[in-house]
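Structural features, examined
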Amino acid sequence: MIDLNADLGEGFGRWRLTDDEQLLSVVTSANVACGFHAGDAVTMRRVCELAAERGVRIGAQVSYHDLAGFGRRAMDVPPDELAAEVAYQIGALEVFARAAGTRVSYVKPHGALYNRVVRDAEQAAAVIAGVLLAGKGLSVLGPPGSRLLELAGAAGLPAVPEAFADRGYTEEATLVPRGQDGALVTDPESVVVRSVTLARTGVVASHLGTPLAIRARSLCVHGDTPGAVDLARRVRERLEASGVRVEAFV
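Presented here is an overview of the structure given in this document. (Residues numbered from 1 in each chain as written. Predicted model: local features only at pLDDT ≥ 70, side-chain atom pairs only at ≥ 80, totals over all residues. Heavy atoms only, no water.)

1. Comments concerning the overall build of the chain
- The helix and strand tally for the chain stands at 8 helices and 9 strands.
- Over its C-alpha trace the chain gives a radius of gyration of 17 Å, about what one expects of a compact globule, namely 18 Å for 250 residues.
- In terms of its C-alpha atoms, the chain occupies a principal-axis envelope of roughly 40 × 35 × 35 Å.
- A total of 250 residues make up the chain; the buried ones form 52% of that total.
- Within the chain, residue pairs in contact and separated by at least 24 positions form 71% of the contacts whose partners lie at least 6 positions apart.
- Summing over all exposed atoms, the chain offers an accessible surface of approximately 10,400 Å²; the carbon and sulfur share of this is 52%. (Helix = DSSP H or I, 4+ residues; strand = E, 2+ residues; numbered from the N terminus. Rg over C-alpha atoms; globule rule 2.2 N^0.38 Å. Buried < 20%, exposed > 50% of the residue type's maximum accessible area, 1.4 Å probe, protein only. Contact = heavy atoms within 4.5 Å. Areas by Shrake-Rupley, 256 points an atom, 1.4 Å probe, with all protein chains shown as cover.)

2. Focus: the packing of helix H5 (residues 121–133) against helix H6 (residues 147–154)
- Axis separation between H5 and H6 bottoms out at 9 Å; the angle between their running directions is 45°. Classed by the angle they form, the pair H5 and H6 counts as oblique. Regarding H5 and H6, the two cross each other, and that crossing is right-handed. In this structure, H5 contributes Ala121, Ala124, Ala125, Val127 and Ile128 to the contact, and H6 contributes Arg147, Leu148, Leu151 and Ala152.
- When grouped by side-chain class, the residues that make up the contact of H5 with H6 number 8 nonpolar, no polar and 1 charged. (Axes fitted to C-alpha atoms, helices over the stretch in contact; angles between N-to-C directions. Parallel < 35°, antiparallel > 145°, perpendicular 65-115°, else oblique. Left-handed = near helix turned anticlockwise from the far one by under 90°. Nonpolar A, V, L, I, M, F, W, Y, C, P; charged D, E, K, R; others polar.)

3. Quick notes on the environment of Ile58
- With respect to the helices, strands and loops of the structure, Ile58 is situated in strand S3 (residues 57–62).
- The residues contacting Ile58, other than those within four sequence positions of it, are Ala30, Val32, Cys48, Ala51, Leu93, Ala97, Thr102, Arg103, Val104, Ser105 and Tyr106.

4. Details of the pairing of strand S4 (residues 104–109)
- Judged by how many residues are buried, S4 sits mostly within the fold: 6 of 6 residues are covered.
- Note that S3 and S4 share 5 bridges and pair parallel. What sits directly across from Gly59, in S4, is Tyr106.
- Once the chain exits S3 it traverses helix H3 (residues 79–99) before rejoining the sheet at S4, and the crossover so formed is right-handed.
- Sheet topology places S4 next to strand S5 (residues 139–142); 2 bridges connect them, and they run parallel. (Pairing = 2+ DSSP bridges. Right-handed = clockwise from strand over helix to strand, strands pointing away.)

5. Observations regarding the sheet that holds strand S1 (residues 3–8)
- An order of S1-S2-S3-S4-S5-S6-S9 is seen for the 7 strands of this closed barrel, with the pairing classed as parallel. Direction aside, the axes of adjacent strands within the sheet are offset by 30° on average.
- H6 contacts S4, S5 and strand S6 (159–164) of the sheet and is inclined by roughly 165° relative to S5.

6. Description of H3
- Counted at 1.5 Å a residue, the expected span for H3 with its 21 residues is 30 Å, and the 31 Å between its end C-alpha atoms agrees.
- Along H3, the positions that sit buried rather than exposed are Leu82, Ala83, Glu85, Val86, Ala87, Gln89, Ile90, Leu93, Glu94, Phe96 and Ala97.
- Packed against the buried residues of H3 are strand S2 (29–33), helix H2 (41–54), S3, S4, helix H4 (111–116) and H5.
- One or two steps after H3, the chain reaches Gly101, where phi turns positive at roughly 90°. (Expected span 1.5 Å × (residues − 1).)

Here's what the structure looks like:
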């Protein structure tokens, strides 16, 4: 059994990046941009309504306040400020989720923040403080073995490890930084095969070919990948054909 998630709502104004409607017909969980790296009020509301209609779980994809850099630039944010910003993003999305008859079920960091909380205990603690400040027992979706999930569990929050179907892994089982060779897996069949192997065996090859043990409850297919809808659909079909049940983790 595995969850299939994608980053959605990553646009604002007249600009659209992700095919939210089509992806929501495939995934079981939606990581919705909350306005700090992408997204705006109208987009958030629309995605929440579509997700509620399709029974897709809604997650707040929180990030550094970096709209110009799409949340992928390294930033140093004081812990108290980061905690408040995380709570702010969750709260904004919760308004639209509630209006659509559902709720925010989990939180997932985005971009530079996601990579930072793998090892940075201070920033990870700030994210968890923000989740707790939002006042809900939300699940936390993040990298296996990270400080983020360690601190989530210590705070009594469900810690959910995830893996990436279309991102390369280093020898240390972290994501290959974007811009470096091997960061993205672009061949559709390779993504599909990796997805099935991850779900069934908990193993993925690093960018150098080394087998890595990554036990994940959720699998991410990036919504901004070219051909993301077709790719996500192929991944789900192959998972189900191989005997893996695709189901939300919350």
